[in-house]
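Observations on the three-dimensional arrangement
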Amino acid sequence: MPRRSRTLILAWLGLCLALNQPLAAGSLTIQVYDTNHNSLTDAVIYLLADRELPAPKTDSRYEVEQKDKTFQPFVTVIPVGASVMFPNRDGIGHHVYSFSPPRKFELPLSEHESTDTITFDQPGLVTVGCNIHDWMAAYIYVVATPYHAKSDANGQAVIEDLPAGIYDLHVTHPGIKGAADQTRRVDAATENRLEFILEVKPEYLWRPEPHDEEEPY
Amino acid sequence: MKPCLLVAFCLAGLWQSAWAQDRLSFRGLVEAQAFYNSADQSWLDGGFSKTRFDESTFPLQLGKVGLHVDYHLTDTLWLRTLSTYYLDDGLDAELIETYFVYRPAPQGPLRWRAKLGAFHLPLSLENTGVAWSSRFGITPSVINSWIGEDLRTIGAEVSLEWPGRFRQSEHSWKLIGAVFGYNDASGTVLNYRGWAAHDRQTGLFSPLREPTLVPGVKREVFPFYENDDRPGYYLSGAWTWQDRFELQLFHYDNLAETGHARGGQIGWRTWFQQVSAEWRLPHGWLLAAQAMRGNTRAVAPVVLSVCDSDFESVYFLINKEFDQHSFSARVEGFAVDDEDQTPSNMGEESGRSLMLSWQYAYSPRWRVGAEWLLLDSEREERRIVTGDGDELIHQLLFNVQYRFQN
């Protein structure tokens, strides 16, 4: 084999090996505001891509507890296939349910009771309620990607260890106006900080006020 | 009271197994009241005065004891009871409500629920608290006093809700329909006694007092009584906007057959309509109003004399919550127009009242408060019997309330 051809093959092999390895991973910070430029907490960010992404880890422990007649946390984002526990930490019974198409379920829970987990196999938004305390609400976003995050009290979300590449970044929120998420195509190799402004509906529509007591009438 | 004892006995039987299975829950309240009242003679003692107490009542009373017991037969089917205890009538416990509630978890954006048994009508904006207590003060408006003393659904009720939250809409809708019996004497008391303002509920098997016209002859009516085996109905539609403003329309008709007697009582055909609205404003402010008008009519068998009265009332209430304090002011007007052809027009009355109230939730268990009620009324029957048809009642009430639950 001529020397030149051997060099070319080696270079080709090297390139193949290099491409097979993840490119340098970095973090992506997303800042979310509402239209009044206030930091928006509980916004959900997830990245999809045209290519196949690594399978998300589904062994993390997720919990949506019932405490003081509210669900905590209010918003949870989990990968497809993950399971969530719904422990009741109140001294009264709850009856947790969802009729959202991605996962319908009912969990009657006596006081201070934990149950088996519920597994979420379909992507989409699952709205959770309590049949005894009508004002209780929680949202579980099930996403088909390992790259997801939720904005904190400062409206900031960080996706760590994101391999370089082109992604479709989705931003959504339980109160988002309009049915669709906000999306943007991002290049993780060159962009590491993004800002989004979301138009959200009035808070009472998606975060009902907790009641002091269950009114019998 | 025997039916109460029977229910208590049944409940006691279920208690032990239910307790172990975590299926039984209870909650309630005990309220002591101290007061000054200027009324001549309370309607409870056969007088014409509109309040529960009068100037001769000992000014320290056990206002009420109320106990809800819920037995969870399944996760979606409950048996609920409410019993109260008032000292006014001696040592009687009263069974106020006992019914099954079916609350299936929603399977879609429409939610439906059903009740079967004996329970309060869903049309009070004031009495929504434990043991049907008012959330704004002690003495409810005359409309809600009447609902508590003279109306009860003894039958089946179905509600259908379309909550806006389920579909991210500003508008929620709710329809309620019911078919009931045992209300064929409801409305009688509005004709014979008129409106009243008090915090008592009538037991399912207990009578309501009417003014004594001939000394020594006690008059009373059992409101929860079936005369004609013909059910009545009510329909209600409610619209809620932004979880802040709620408007409800309500139509009730007991469809009682007039001119028919059974067990010493006659049927009173009573119907009414109510419009109510509640507006929750920012900074803890709240506005509420109920307006009701209707008619009650009876024909005495054989002699065929007719009693026919239109009744109407409206109140406006403003409430401000500030930390653990709740301040309320309410104005109301009420009237009964005697429409029958008798010359005396005994049932004719009109009145108005002002209520100022302060309630303080010291802790989840303890509450204290004060209320001033000024109630002015004129009644034709009182003028004929006592010579003076007008009465202006001053009432200053202090309450201490203890709430409990398991």
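**Describing the overall build of chain B**
Along its length, chain B carries four helices and 20 strands. Against the globule reference of 22 Å for 406 residues, chain B gives a C-alpha radius of gyration of 21 Å, in line with a compact fold. Structurally, chain B occupies a C-alpha span of about 60 × 45 × 45 Å along its principal axes. Scored against the burial criterion, the 406 residues of chain B give a buried share of 52%. Across chain B, contacts joining residues at least 24 apart in sequence account for 63% of those joining residues at least 6 apart. Of the roughly 17,200 Å² of accessible surface on chain B, a fraction of 63% belongs to carbon and sulfur atoms. Within chain B, the 51 negative side-chain charges are centred at a point lying 8 Å from the centre of the 37 positive side-chain charges.

**Some details on the interface of chain A and chain B**
With 28 residues of chain A at the interface, the matching set in chain B holds 34 residues. Carbon and sulfur atoms supply 44% of the area that chain A and chain B bury against each other, a total of about 2,700 Å² over both sides. Broken down residue by residue, the surface that chain A buries against chain B is led by F99, Y204 and Y217 of chain A, which jointly contribute 29%. In this structure, D134 of chain A engages R113 of chain B in a salt bridge whose closest nitrogen and oxygen atoms are separated by 2.9 Å. Taken together, the links from chain A to chain B amount to seven residue pairs in polar contact (both at pLDDT 80 or more). Secondary-structure elements contributing two or more residues to the side of chain A that touches chain B are β8 (94-98), β9 (105-109) and β12 (137-143) of chain A. The class makeup of the residues in the side of chain A that touches chain B is 16 nonpolar, four polar and eight charged.

**Things to note about the layout of surface pockets**
Think of a ball as big as a water molecule: rolled over the atoms, this probe shows where empty space is left. Roughly 570 Å³ of volume is contained in the second largest pocket. Together, 29 residues line the second largest pocket, and L125, T127, Y139 and Y141 of chain A together with Q168 of chain B are the ones closest to its centre. Counting only elements with at least two residues in the lining of the second largest pocket, the list comes to β2 (44-48), β11 (124-130) and β12 of chain A. A per-element tally of the lining of the second largest pocket places β11 of chain A first, with five residues. Across the lining of the second largest pocket, the residue classes tally to 17 nonpolar, eight polar and four charged.

**Some details on the environment of N192 of chain A**
Relative to the assigned elements, N192 of chain A resides in the loop between β16 (182-187) and β17 (193-198). As a C-alpha pair, N192 of chain A and A153 of chain A span 39 residues in sequence and 20 Å in three-dimensional space.

**Here we look at the sheet that holds strand β1 (residues 25-34) of chain A**
All names here are of chain A. Read from one edge to the other, the open sheet built from three strands follows the order β14-β1-β17, with strand pairing classed as mixed. With partners counted over all chains shown, the strands left at the sheet margins are β14 (156-163) and β17, one partner each. Between one strand and the next, the sheet's axes are offset by a mean angle of 25°, whatever the strand orientation. As judged from the six bridges shared by β1 and β17, these two strands associate in the parallel manner. For D34, the partnering residue across the bridge sits in β17 and is L198.

**Regarding helix α2 (residues 142-150) of chain B**
Residue and element names in this part refer to chain B. For α2, a buried count of nine out of nine residues is recorded, marking the element as mostly surrounded by other parts of the structure. Here α2 has its buried residues at V142, I143, N144, S145, W146, I147, G148, E149 and D150. Buried residues along α2 sit against α3 (188-192), β8 (208-210), β14 (269-280), β15 (285-299), β16 (306-322) and β17 (325-338).

**Considerations on the pattern of salt bridges**
Summed over all chains, the structure comprises 32 salt bridges over all chains. Taking the shortest distance from any N to any O, the salt bridge between E278 of chain B and R135 of chain B comes out at 2.4 Å. Residue E278 of chain B is located in strand β14, and its partner R135 of chain B is located in the loop between β5 (111-119) and α2; the two are separated by 143 residues in the primary sequence. Each of D42, K150, E203 and R207 of chain A takes part in salt bridges that share partners, so that together they form one network.

**A word on the domain arrangement of chain A**
Residues and elements named next belong to chain A. By domain assignment, chain A separates into domain 1 (24-49 + 147-208) and domain 2 (59-144). Using C-alpha coordinates to define each centre, domain 1 is positioned 23 Å away from domain 2. Its largest share of buried area at the contact with domain 2, domain 1 owes to H148, P174 and P208, together 40% of the area lost on that side. Taken together, the links from domain 1 to domain 2 amount to zero salt bridges.

What counts as what
Residues numbered from 1 in each chain as written. Chains lettered and ligands numbered in written order. Predicted model: local features only at pLDDT ≥ 70, side-chain atom pairs only at ≥ 80, totals over all residues. Heavy atoms only, no water. Helix = DSSP H or I, 4+ residues; strand = E, 2+ residues; numbered from the N terminus. Rg over C-alpha atoms; globule rule 2.2 N^0.38 Å. Buried < 20%, exposed > 50% of the residue type's maximum accessible area, 1.4 Å probe, protein only. Contact = heavy atoms within 4.5 Å. Areas by Shrake-Rupley, 256 points an atom, 1.4 Å probe, with all protein chains shown as cover. Lys, Arg positive; Asp, Glu negative; His and termini not counted. Charge placed at Lys NZ, Arg CZ, Asp CG, Glu CD. Buried area = accessible area lost by both parts, 1.4 Å probe. Salt bridge = Lys/Arg side-chain N within 4 Å of Asp/Glu carboxyl O. Polar contact = N/O pair within 3.5 Å; in protein donor to acceptor, adjacent residues only side chain to side chain. Nonpolar A, V, L, I, M, F, W, Y, C, P; charged D, E, K, R; others polar. 1 Å grid on protein atoms, 1.4 Å probe; cavity = no way out; pocket = protein on both sides within 12 Å on 5 of 7 lines; lining within 4 Å. Points joined across faces, edges and corners; volume = space filled by probe spheres on them. Pairing = 2+ DSSP bridges. Axes fitted to C-alpha atoms, helices over the stretch in contact; angles between N-to-C directions. Domains from an automatic or database assignment.

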